[in-house]
Amino acid sequence: MQGIAVPISVVPGNSPIHRINPLPKMAWMVGVLVISFVTRNPVILGGVFLLGLLFVTIAQIWPSYLRVVMILFPISLTLILLQSIAPAFPQPWSPIVDVGPFTIWQEGIYSGLSLLLRIMCMTTFAMVMIMTSHPSDIFASMQKIGLPYTMNFILTMTLQLIPILQSEFNTVLKAQKSRGLKGTGFAAILPSMVPVFVGAIERVQQLSISLESRAFGSTGKKTSYRQVQFGLKDALVMAAGMAFSCIMSYWLLTDPTLDWSRTLTFSPAFALTLFFGAGIGFLLFVVLALRLVLTA
Amino acid sequence: MASKAKTRAVRIPLTYVVALVPVAAALNIVGGTIRSALQLPIFLDMIGTAVTAIVLGPWWGALVGAITNIVNSFISGPISLPFAVVNVVGALVWGYGHRWGWGKTNVGFFLLNILVAFLCSVTAVPIYVFIFGGATGHFSDVMTAAFLAMGQNLIVSVFSSNILVSLADKIISGYVALAIIEALPANLTQNLQLPKAEGLNRIILPVVGVVIGVAVMLVAIAVAN
């Protein structure tokens, strides 16, 4: 999962969400993160997820957002499947139905749905923030709230280097293939990776000299080429996000009736449909992955 | 040891380190692309971390690990963010392991990579279980289901499947890092005592042996329980 590389970037636009400063959007993102971990109630999480989808609609980023959802599809299937038979939930568990060596548990279905909705909530609000804010604006805003400029430089530089290194890797791989190297499998790792990294180190030396010549690390007030405004509208959106997060968290923490983990029941038909649907989808994914590995 | 570390820090200017960290983090992220292009069943997302931890020191490696997952969350979504801890742990083990002289010989370096794999799995499993319900979206989930069917609980099952992938990934990443370090400019690597980089063809057989051995041991434990 750590290796997934999906080119997510800002989606150009002029929607009301695009025009908001990145900081209020970050406040909403962090607020939803807190809410998602405070509760496991699927209806509350579903409501927050729908609110996120409303923001996706307002921002007009559906095509890019759906690409991310497609990437999350395999993990969603395995999450439902594994949780149904082994809930990450305190025992005792109530059985719904037996399937071969496995038992599908009420708490498993509940846990699977709530964990899935939690991931979808966090991803949706994060995507709204990332896809409607230019990375430079995000880092400029973070510098305003105290992020050290050295860290800011490192983060920005990393983002800028990724497409360059990807392009260099493709060039090196094509060059090696043209010399008869096998383009897949373990044997191709060293001939394709070492030249890319060593080339990058040469760039580091040039960059280092360039930074030295511009007095990087000197004391004094730092200025930024990119200016990000923070107006009254941004302050109101930020306050709304913080209020939403605080009120919801307080309500969820203090109302014990919102814990439906022991009271919500699922029918055997629903449990079996969910289990086999996720299982078949997961097996198809595994077969596709194995085919890729075996043909390498 | 401390004086040696101090000498190295003085020799490498801050601007060089500030320029090297993004390159290593970007290489970690591009590792995902390389894995897809070469159709490999491992992650390859900690090679830059290993290089930095060994060459510059464990905490610079930890910074690379954290930056990798922070920036990756801007590229592939926030699900990679919690795994920053795993990347940091890997950097600290590689960095301190090398500093304490565990990776001077070929056998020592091989065992150091196994230790990295073990500690990375120990760190990753609670994240997988409590945030992602044990799912990884990787085909190792089949192994998790198999261990569950043998009667193991979720944490043990996820650890059992994760350690197999992690062993292969971290050993190969360690040796790729070794090959990269060997190709770096001499002023960066003159103080380092490391074994000579082997071709990956010579490493694959021991890796397969270790993975199969651990798999057999895990299955035996599951059956015995």
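This is a predicted model, so every value here is computed, not measured.

Rules used in this analysis
- Residues numbered from 1 in each chain as written.
- Chains lettered and ligands numbered in written order.
- Predicted model: local features only at pLDDT ≥ 70, side-chain atom pairs only at ≥ 80, totals over all residues.
- Helix = DSSP H or I, 4+ residues; strand = E, 2+ residues; numbered from the N terminus.
- Contact = placed C-beta atoms within 7 Å.
- Buried ≥ 20, exposed ≤ 12 C-beta atoms within 10 Å, placed from the backbone.
- Domains from an automatic or database assignment.
- Nonpolar A, V, L, I, M, F, W, Y, C, P; charged D, E, K, R; others polar.
- Axes fitted to C-alpha atoms, helices over the stretch in contact; angles between N-to-C directions.
- Parallel < 35°, antiparallel > 145°, perpendicular 65-115°, else oblique.
- Left-handed = near helix turned anticlockwise from the far one by under 90°.
- pLDDT = per-residue confidence, 0-100.

(A) Looking closely at the overall build of chain B. Across its full length, chain B holds 10 helices and zero strands. Walking chain B from its N terminus toward its C terminus, one meets helices and strands in the order α-α-α-α-α-α-α-α-α-α. Within chain B, contacts between residues at least 6 apart in sequence are counted, and of these 67% link residues at least 24 apart.

(B) Region of interest: the environment of Leu40 of chain B. Residue and element names in this part refer to chain B. Assignment of secondary structure puts Leu40 in the loop between α2 (14-38) and α3 (47-55). Exposure remark for Leu40: the 23 C-beta atoms within 10 Å place this residue in the buried category. Distance in space between the C-alpha atoms of Leu40 and His98 is 27 Å, their sequence separation being 58 residues.

(C) How the structure looks around the domain arrangement of chain A. Parsing chain A into structural domains produces domain 1 (22-133 + 230-294) and domain 2 (147-213). Inter-centroid distance (C-alpha atoms) of domain 1 of chain A to domain 2 of chain A is 36 Å.

(D) Region of the structure containing the interface of chain A and chain B. Counting from both sides, the interface comprises 72 residues of chain A and, opposite them, 68 residues of chain B. For the side of chain A that touches chain B, the secondary structure elements donating two or more residues are α3 (62-85), α4 (106-131), α6 (149-178), α7 (189-213) and α9 (268-294) of chain A. Residue contributions to the side of chain A that touches chain B peak at 15 residues, all from α7 of chain A. A per-class count over the side of chain A that touches chain B returns 55 nonpolar, 15 polar and two charged.

(E) The packing of α6 of chain A against helix α4 (residues 58-75) of chain B, seen in detail. In the contact formed by α6 of chain A and α4 of chain B, the axes pass within 10 Å of each other and the chain directions differ by 60°. Judged by the angle between their axes, α6 of chain A and α4 of chain B are oblique. Where α6 of chain A crosses over α4 of chain B, the handedness of that crossing is right-handed. Where α6 of chain A approaches α4 of chain B, its residues Ile154, Leu155, Thr158 and Leu159 of chain A are matched on the opposing element by Ile67, Ile70, Val71 and Phe74 of chain B. Tallied by class, the residues present in the contact of α6 of chain A with α4 of chain B amount to seven nonpolar, one polar and no charged.

(F) Focus on the environment of Ile34 of chain B. With respect to the helices and strands, the residue Ile34 of chain B is situated in helix α2. Remark: the alpha-carbon pair of Ile34 of chain B and Leu112 of chain B, spanning 78 residues in sequence, is separated by 24 Å. Apart from residues lying up to four places away in sequence, Ile34 of chain B is in contact with Phe169, Ser192 and Met193 of chain A together with Leu44 of chain B.

(G) Broad picture of the confidence of the model for chain B. Residue and element names in this part refer to chain B. Confidence along chain B averages 84 in pLDDT terms, with 93% of residues attaining 70 or more. The weakest mean pLDDT in chain B belongs to helix α1 (residues 2-11) at 45; the strongest belongs to helix α5 (residues 84-99) at 95. Scored below 50 in pLDDT, residues 1-10 shows four contacts in the model against residues more than four places distant or in partner chains. Predicted as a complex, the structure gets a pTM of 0.82 and an ipTM equal to 0.83.

(H) Spotlight on the confidence of the model for chain A. Model confidence for chain A is summarised by a mean pLDDT of 86, while 95% of its residues fall at 70 or above. Contacts from residues 1-6 of chain A, a stretch scored under 50 in pLDDT, to residues over four places away or in other chains number 29 contacts.

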